[in-house]
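# Survey of secondary and tertiary structure
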Amino acid sequence: MFLLQVAVILLMAAVAAVLLVVTVKREAEQAAARRSAAIANAVAHAPGVVAALRSSDPTAQLQPAADAIMRTSHVDFVVVVDRRGIRYTQPGRASLLHTRISYPQDLRALRTGRAVTGHVKSGGHDAMRTFVPIKDSDGRVVGGVAVGVRVSTIDATEAGRLPVLLGITAFAMAASTVGTALLGRRLLRQTRGLGPSEITRLYLHNDAVLHAVREGIVIMDADGTILLANAEARKLLGLPPEAQGRQVDALPLAPPLAELLGSGREASDEVHLAGGRVLVVNQRPLDGHEAVAGSVATMRDSTELSELSSRADAARKRLSVLYGASIGVGSTLDVGRTVDELAKATVPLFADYLTVDLAEPVLNGDEPTGAEPELQRVVSAGIQPDPPFAPVGAHVAVDLAALAAGAPDAGHGRLDADLSAGDGLVPRYVPGFGAADPALTEPVAARGIHSLVTVPLRARGVVLGVAAFWQAQGRAPFEQDDLELAEELAARAAVAIDNARRYTREHAMAVTLQRSLLPGAPPELSALQAAHRYLPAASGGVGGDWFDVIALPGARVALVVGDVVGHGLHAAATMGRLRTAVHNLSALDLAPDELLSLLDDLVTRMDADEGKDAGGEPGVTGATCLYAVYDPSSGLATIARAGHPMPLLVRPDGTVHTPDVPVSPPLGLGGAEPSEAAELDLPEGSTLVLYTDGLVERRDRDIDFGLDLLRGTLAAHPGLDPEATCQAVLDAVLPEHPADDVALLVARTRRLPAERIARWEMPSDPAAVAEVRAACGRQLAAWGLEGLGYNTELIVSELATNAVRYGSPPVSVRLLYDRKLICEVADGSSTSPHLLRAAGTDEGGRGLFLVASLAERWGTRYTRRGKVIWTEQPLHTAADEAAAATAEELLDQWGDEEL
């Protein structure tokens, strides 16, 4: 066995010698490859190489350097090429300069960016050649360098050591024979049967893991002694090179971290500070791993992640505030609510306190000057219910010039990160703190307010006010990013406030216009008692609903309710035009159906005119109207409606009826279709309820439901006067926020007592005039109006004579004793008399002049059976002597009246 072992050893020695020669040869090639790779990498990463390649003459800069490298490094050649493969250096063969290299692997390396090493022939000798791409700072390939080293250069060096190596090998083989048995048994026990390759692989892997990972690894024994600390752990913990083998307590570590590492306890993702770094530490004990005792700790640097997380969290909060303000501020066109929305969006998400002060003209809808010495506090909000500032509504002084002086551009604010610095006073440009009085700032300091951002609210180049954001203790002071956020919030709020201001002004103008177009208090009439209500839509815009109570001749009264479709100034202006037209047409004393027909023609012409202004397309105004005339002497009401909701009638017994009033198309859409009217006989004490569709019509319910609700309300309150009836109807029927305008008119009818009405039928005989004249005098005496007898008799004489002479039968005379004395002469003719100014030589033409002189008003109205000429005289007990003298003179000049 020993000879066999010797033979084996000799054989092994021979094989070892052969292998040694081969190994020397291979090592020479490997050494040459390593040298060429090292020099090629050094040249590729040398400073200035990239700049030289990009210079105008790369060869002039690179060739001397390549020659120097060849002399000092004993390499065969150094060739530098650009990214296309064009040579910029070539030792000994200048003809190859600026020519393309022919090695495919080099060109492939330029495309892929990876280094290649290979075996080549250089001058008839074996050489190892390495080609390394040259990259710029951005990682782009800009060229490459090829370096060649002859194997013979390395082989000569290695061959000189071959005898020594062979002797050492022989000795080692002999010694190994002796130690093989001894070491083999021990190694097998320690390596657990693993072969050398497995052991090498494990060692290399463990070493690579320990030094290549980006986490620090510290292994300690049970006594807290550091057994192993990789390079990352030494960098993170700031450990000296001799830390391995020392106790944890003896190292310069923060107490919490030292306690953790020395205790060996289990820890998961604990955050510790070490040398200004934020470390996340995990630690596990090694107990249970056979004879190994101690613990292993891993740690990673989370400083940048923590900072980025903090910044991202702050940015997320700022974006959240800005998003909330973008959707929450300016949702209404009300200045006060807009500022309140700014407070809700910023307190406490962005600031602990907020004060907003606006110029007083802004609150009234007017244009501010931007230089107001005082502002009005609109908001004073904070995390506590009683902020230490001036209350809402107070006028505070402000120095806008001082605020603008610190702003680099218009609209920028001021940042006071630390109010406690300096004298500790709030800056004088903050509203309410103009004077350097410590008493003003003591409440602010007492609340722990330490930081302030002041931003002007600027829109269209004009300062509307100032917003001040305050930060109290417990929160970080404001930073530059907070100032920029505050400026953005103020800019958005200023635009919303300015829009609300302009809307307030325009709305006030529109409401003033609409109110001026609507009637005031209803007139005092004997015919009826009226009350009305007008409510605009909840949106705040003006509309086209209107109503009217118009006194007509003969103690009669006209009730009007109308509705122009749409909202806005156009609807209000159209309503004003229609209301004026109704007044003018009612002065002609037309029947309701005739009046609506003329009003329909007017709306049609208005639509045509608007269509021409709009480029030829017809513009449909769209309007509805109800017109009713009530005569207290007869109790008759004549009603016509054009597209309008039907009226309601509450009889004296409390029953509610819906009169059958024919409906015509809305105004402007009637065309040739005539309007129709209905006559109603109303008992005294009846109540007419007229309204627009906004009272009973809603989007969420049928109109019949609203009508039933209105009828029920009227039936439940039969004895109320018109004012109380209006309020009861609105409380029961109208929603809290009506979507449309509402006009409501309630009229309770009265009858003119029969004893105050006198009527005489006249034959077509001039002699009968005297009898009627005398009867009028007796009737006036019976009424106690003797003072009006003379003038009235003259009026009756003139009008009755004209009716007999120029009119048609039947002729009648009627006196009405109302708030005024009304005289009416009716005949069957439709010819209207005209007032003439007679010359001194004319025989007639003075009759109507006499009537016009004695009466307060006079006129003509047409009936279905002819016409009625009427006069009105104020009630008084004594006749004017001058008027009587004039009447006597005119009576002496009695003449015929020309028709």
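Below or above, wherever it landed, is the structure these notes cover. Since this is a predicted model, take the numbers as computed values, not measurements.

### Digging into helix 3 (residues 58-73)
- When the terminal C-alpha atoms of helix 3 are compared, their 22 Å separation across 16 residues agrees well with the 22 Å that a helix rising 1.5 Å per residue should span.
- If you follow the buried residues of helix 3, they end up packed against helix 2 (49-53) and strand 1 (77-82).
- Two residues or fewer after helix 3 comes H74, characterised by a positive phi angle close to 55°.

### Quick word on the side chain of T574
- With respect to the helices and strands, the residue T574 is situated in helix 16 (residues 569-587).
- Here H570 takes part through its backbone oxygen, which lies 2.8 Å from a polar atom of the side chain of T574.

### Brief notes about the sheet that holds strand 1
- Read across the open sheet, the four strands follow the order 1-4-3-2; overall the sheet is antiparallel. Edge strands, defined here as strands with exactly one partner in the open sheet, are strand 1 and strand 2 (116-122). Strand-to-strand twist in this sheet, taken as the mean axis angle between neighbours without regard to direction, amounts to 25°.
- Note that strand 2 and strand 3 (residues 125-135) share seven bridges and pair antiparallel. Paired with G118 across the bridge in strand 3 is R129.

### Quick word on unusual backbone geometry
- Put simply, V347 and P348 share a cis peptide bond, and its omega is 0°.
- Relative to the elements of secondary structure, P348 occurs in the loop between helix 11 (335-346) and strand 10 (353-358).
- Omega for the bond connecting P809 with P810 falls within 30 degrees of zero, at 0°, which places this linkage in the cis form.
- Structurally, the position occupied by P810 is in the loop between helix 21 (789-806) and strand 28 (811-817).
- Phi at R460 is positive, roughly 55°, even though this residue is not glycine.
- Considering the arrangement of structural elements, one finds R460 in the loop between strand 14 (451-459) and strand 15 (462-471).

### Focus: the nonpolar core
- Ranked by size, the top nonpolar core spans 58 residues in total, and within it F350, V356, L358, F469 and W470 carry the most contacts.
- Secondary structure elements with two or more residues in this core: helix 10 (303-328), helix 11, strand 10, strand 11 (374-382), helix 13 (400-405), strand 14, strand 15 and helix 15 (480-517).
- For this core, the leading source of residues is helix 15, giving ten residues.
- Excluding anything up to four places from it in sequence, F350 contacts V321, F469, Q471, R475, F478, D482, L485, A486 and L489.
- F547, L595, A628 and A743 belong to the second-largest nonpolar core, a separate cluster that totals 51 residues.

### Topic: the side chain of T130
- Residue position: T130 is located in strand 3.
- With relative accessibility at 1%, the residue T130 sits in the buried group.
- Here the side chain of T130 touches S36 through a polar contact of 2.7 Å, side chain to side chain.
- Within the structure, T130 has its side chain in polar contact with the backbone nitrogen of A37 (distance 3.4 Å).
- Excluding anything up to four places from it in sequence, T130 contacts A33, S36, A37, A40, V116, T117, V145, A146 and V147.

### Points about the pattern of salt bridges
- Under the criterion given, the structure shown has 32 salt bridges.
- Among the ionic pairs, E723 bridges to R533, the shortest N-O distance being 3.0 Å. Pair noted here: E723 is in helix 19 (residues 722-733) and R533 is in strand 16 (residues 528-535), with a separation of 190 residues, a long-range link.
- On the basis of relative accessibility, which here comes to 42%, the residue E723 falls in the partly exposed class.
- Ionic pairing is found between R857 and E872, a salt bridge with its closest N-O pair at 3.2 Å. With a gap of 15 residues between them, R857 in strand 30 (residues 857-863) and E872 in strand 31 (residues 866-874) connect regions that are remote in the sequence.
- Of the residues examined, E872 reaches a relative accessible area of 6% and is grouped as buried.
- Residues joined in a network through salt bridges with shared partners are E367, R460, D498, R501 and R502.

### Describing the packing of aromatic side chains
- With the rule as written, the count across this model stands at six aromatic pairs.
- Consider the rings of Y353 and F389, whose centres lie 5.9 Å apart with planes at 80°: the pair is edge-to-face. In this pair, Y353 is assigned in strand 10 and F389 in the loop between strand 11 and strand 12 (395-397), connecting sequence segments 36 residues apart.
- F389 gets classed as buried once you look at its relative accessible area, which sits at 11%.
- Consider the rings of F389 and W470, whose centres lie 4.6 Å apart with planes at 35°: the pair is tilted. Residue F389 is found in the loop between strand 11 and strand 12, and its partner W470 is found in strand 15; the two are separated by 81 residues along the sequence. W470 carries the same exposure label as F389, and that label is buried.
- Taken together, the ring pairs in this structure connect Y353, F389, F433 and W470 into an aromatic cluster.
- Directly above the ring of Y103 sits R129, whose terminal nitrogen or CZ lies 4.1 Å from the centroid.
- Sitting over the ring of Y817, R756 keeps its end group 4.1 Å from the ring centre.

### With respect to the packing of helix 11 against helix 15
- At a closest axis distance of 8 Å, the pairing of helix 11 and helix 15 adopts a crossing angle of 160°. Regarding the angle of helix 11 to helix 15, the classification is roughly antiparallel. Between helix 11 and helix 15 lies a crossing whose hand is right-handed. Only L489, A493, A496, I497, A500, R501 and T504 of helix 15 make contact with helix 11, whose side of the interface consists of V335, T338, V339, L342 and T346.
- Grouping the constituent residues of the contact of helix 11 with helix 15 by class yields eight nonpolar, three polar and one charged.

### Observations regarding the environment of E367
- By the secondary structure assignment, E367 is in the loop between helix 12 (360-363) and strand 11.
- With 135 residues separating them in the primary sequence, E367 and R502 have C-alpha atoms 8.4 Å apart.
- In this structure the side chain of E367 is engaged in a polar contact, spanning 3.2 Å, whose partner is the side chain of R460.
- Among the polar contacts made by the side chain of E367, one reaches the side chain of R501 at a distance of 3.1 Å.

Cut-off values and rules
Residues numbered from 1 in each chain as written. Predicted model: local features only at pLDDT ≥ 70, side-chain atom pairs only at ≥ 80, totals over all residues. Heavy atoms only, no water. Helix = DSSP H or I, 4+ residues; strand = E, 2+ residues; numbered from the N terminus. Expected span 1.5 Å × (residues − 1). Contact = heavy atoms within 4.5 Å. Polar contact = N/O pair within 3.5 Å; in protein donor to acceptor, adjacent residues only side chain to side chain. Pairing = 2+ DSSP bridges. Axes fitted to C-alpha atoms, helices over the stretch in contact; angles between N-to-C directions. Core = buried A, V, L, I, M, F, W, Y, C linked by side-chain atoms within 4.5 Å. Buried < 20%, exposed > 50% of the residue type's maximum accessible area, 1.4 Å probe, protein only. Salt bridge = Lys/Arg side-chain N within 4 Å of Asp/Glu carboxyl O. Phe/Tyr/Trp six-rings, centres within 6.5 Å; stacked < 30°, edge-to-face > 60°. Lys NZ or Arg CZ within 6 Å of the ring centre and 35° of its normal. Parallel < 35°, antiparallel > 145°, perpendicular 65-115°, else oblique. Left-handed = near helix turned anticlockwise from the far one by under 90°. Nonpolar A, V, L, I, M, F, W, Y, C, P; charged D, E, K, R; others polar.

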